[in-house]
Amino acid sequence: MTASWIDPFEDAHIERLVAQYGSPLLIVDCQRARAQYKKLAKALPGVDLHYALKPLPHPAIVRTMLSLGGWLDLATTGEVQLAQRLGADPRRCIHTHPIKRDQDIRNALAAGVTVFVADNPDEVRKFRRYRDKAELLLRVSFRSPGVVSDLSRKFGCEPQDALELARLAASLGVKLRGLSFHVGSQAPDAGMHVQAIEVCTALLAAARREKLGPLDTLDIGGGFPIDYVEAVADIGRFCAPIRKALKAVPKRVRVIAEPGRFISGPSAVAVSRVMGRAQRGGAWWYYLDDGVYGSYSGQVFDHGRYPVRSLRKGPMQPSVLAGPTCDSIDVVAEGVPMPRLREGDIVVGAAMGAYTWASASEFNFFPKATVVSVNETPGDKGSVLEL
Ligand SMILES: *Cc1c(COP(=O)(O)O)cnc(C)c1O
């Protein structure tokens, strides 16, 4: 990093930001988001990366992705409006929610977004009236019982039903751009991506033989994993089998991906402070001003286990970190080594950009963390997200 960038994950900068903005705080580092994008782009050469807003719909990250020449993956009217407000070129955006209200389709079309996803006959029929403007990717399901969140149970058509769905779209005059899949987030390895690429490549060829559409796009979704308490393979190594599988995809097919977690996850830390403490059952309990109803909501919804540390140094003892609410489920970590903390001490959770603040609530009137982004441009030492 050059002198004009700060490292907001260093203790001194965390202390400065908490002094300036209070706690709880989510510090979003655009420089790390940039580095993640570049790492994935290098691991998947020739694949156009559409940043999925869902895990962290933060304007500074979206702008950072756009400034790198990235594309966007939008799934709701709110995400479409955010992209529009930031001046994103709608031709660089796709709408990937497999189930939409007519109004959602119209909102996206009005914003200039024309590529949509469908995975069943009723949804395909919704596009008949928009066939002059809208184009479809058909989402295919590949079950991954091993992944943390299996997105192919809720969405996607069975591979053996995909051709019939493509025939339906063609018969309605809806333009078929291609196929998509999402093997599930935080994939343990690339095995399911590879299998899905092979099956979809064959399906694309079969659908093209029947002249069902241009069928020139393959969307390989997200799922690219990051380090939490448990480390994962480096992304270059993780993607090696995917690179190999993509060699068999015809050149005329544009390959795109929808990374969310991989971009935003490592790009933020959650900073909280000790509100009070008590000794219970022989262990120290520290009550933080952020917890599982807040930025640590990913522990419930995303099955996340985040590395936590305190800025205070000292001899460690197994301790309990609890959230601020009056609910017993609101415990962040038990048996976690911590020095003897005091009121006001700072505790930092790492890898907390994805599926954390985005799913936080204000239960018990404890406000969601203030979000501060840094390093969007050289010299950017912090600006607060105004919603
Ligand atoms: C959530 C989601 C993503 C992002 O997935 P990650 O595993 O976080 O990369 C991408 N595409 C769709 C359709 C999604 O629902």
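Residues numbered from 1 in each chain as written. Predicted model: local features only at pLDDT ≥ 70, side-chain atom pairs only at ≥ 80, totals over all residues. Heavy atoms only, no water.

Overview of the environment of Ala196
Put simply, the test is: Helix and strand assignments come from DSSP, with helices taken as H or I runs of at least 4 residues and strands as E runs of at least 2, each series counted from the N terminus. Here, residues are in contact when the closest pair of their heavy atoms is within 4.5 Å.
With respect to the helices, strands and loops of the structure, Ala196 is situated in helix α8 (residues 191–209). For Ala196 and Trp284, which are 88 residues apart along the polypeptide, the C-alpha to C-alpha distance reads 48 Å. If we ignore the near neighbours within four places in the chain, the residues touching Ala196 are Phe142 and Phe181.

A closer look at the pattern of salt bridges
Basically, it comes down to this: Only one rule defines a salt bridge in this text: a Lys or Arg side-chain nitrogen within 4 Å of an Asp or Glu carboxyl oxygen. Exposure is judged per residue with a 1.4 Å probe applied to protein chains only, and the accessible area is read against the type maximum: over 50% gives exposed, under 20% gives buried, and values in between give partly exposed.
Tallied over the full model, the rule gives 20 salt bridges. Residue Glu135 pairs with Lys175 through a salt bridge whose shortest N-O separation is 3.5 Å. Of this pair, Glu135 sits in strand β6 (residues 135–139) while Lys175 sits in strand β7 (residues 175–180), placing them 40 residues apart in sequence. The class for Lys175 is partly exposed, based on a relative accessible area of 39%. Glu164 is the salt-bridge partner of Arg167, the closest N and O atoms lying 2.8 Å from each other. With Arg167 and Glu164 both in helix α7 (residues 159–171), this residue pair falls 3 residues apart, about one helical turn.

Quick look at the side chain of His193
Tracing the sequence through the fold places His193 in helix α8. On the basis of relative accessible area, His193 is assigned to the buried category, the value being 0%. In this structure His193 touches Phe181, Val183, Ala187, Ile220, Gly222, Phe224, Phe238 and Ile242, once residues within four positions along its chain are discounted.

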